[in-house]
Amino acid sequence: MSTSAHSLRRIGVCTHRRLDGQPSCAARGSEQLLPALRGRLAGEGRDVEVFPLGCLGDCERGPNVKIVGGELLHEVTLERLDAVRVALDE
Ligand code: FES
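Residues numbered from 1 in each chain as written. Predicted model: local features only at pLDDT ≥ 70, side-chain atom pairs only at ≥ 80, totals over all residues.

Chemist: Can you explain the pairing of strand S1 (residues 9–14)? Please cite residues and give values.
Modeler: Where S1 and strand S2 (residues 48–53) come together, six bridges link them in parallel fashion. Pairing of Val-13 across the sheet is with Pro-52, part of S2. After leaving S1, the chain enters helix H1 (residues 30–43) and then returns to the sheet as S2, a path that is right-handed. Here S1 runs beside strand S3 (residues 65–67); their pairing, made up of three bridges, is antiparallel. Directly across from Gly-12, in S3, lies its bridge partner Lys-66. (Pairing = 2+ DSSP bridges. Helix = DSSP H or I, 4+ residues; strand = E, 2+ residues; numbered from the N terminus. Right-handed = clockwise from strand over helix to strand, strands pointing away.)

Have a look at this one:
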């Protein structure tokens, strides 16, 4: 039986937008973050699925990124994509 050193990881990016100007991940750039993160990880050859998530209830600290089975990261911007890569490797 063969085993793989790499297993599929899954990452959810909150893309929820709240109404009336309330803070939200979408208002803080998560709609741009999701494809950028997906592209970055794919470009590195990582077996990672990046998918949109609904509100995680921590809107003031968005964009929020949840590594399934791992950390919930806050304030993940395009400039902070490396924080996701570090969390994935932990
Ligand atoms: S809008 Fe992302 S946590 Fe609420």
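Chemist: Pulling in residues and values, what's your account of H1?
Modeler: Every α-helical turn comprises 3.6 residues, leaving residues that sit three or four positions apart pointing alike. Under the 1.5 Å per step criterion, the end-to-end length of H1 is 19 Å for 14 residues, consistent within 8% with the ideal 20 Å. Among the residues of H1, those classed as buried are Ser-30, Leu-33, Leu-34, Leu-37 and Leu-41. Along the axis of H1, the buried residues cluster in a sector spanning 105 degrees; they form a single face. Turned more than 90 degrees off the buried face of H1, the exposed positions are Pro-35, Gly-39, Ala-42 and Gly-43. The inward-facing, buried residues of H1 contact S1, S2 and helix H2 (81–89). (Expected span 1.5 Å × (residues − 1). Buried ≥ 20, exposed ≤ 12 C-beta atoms within 10 Å, placed from the backbone. Arc of directions from axis to C-beta. Contact = placed C-beta atoms within 7 Å.)

By themselves, these observations are geometric and do not establish any function.
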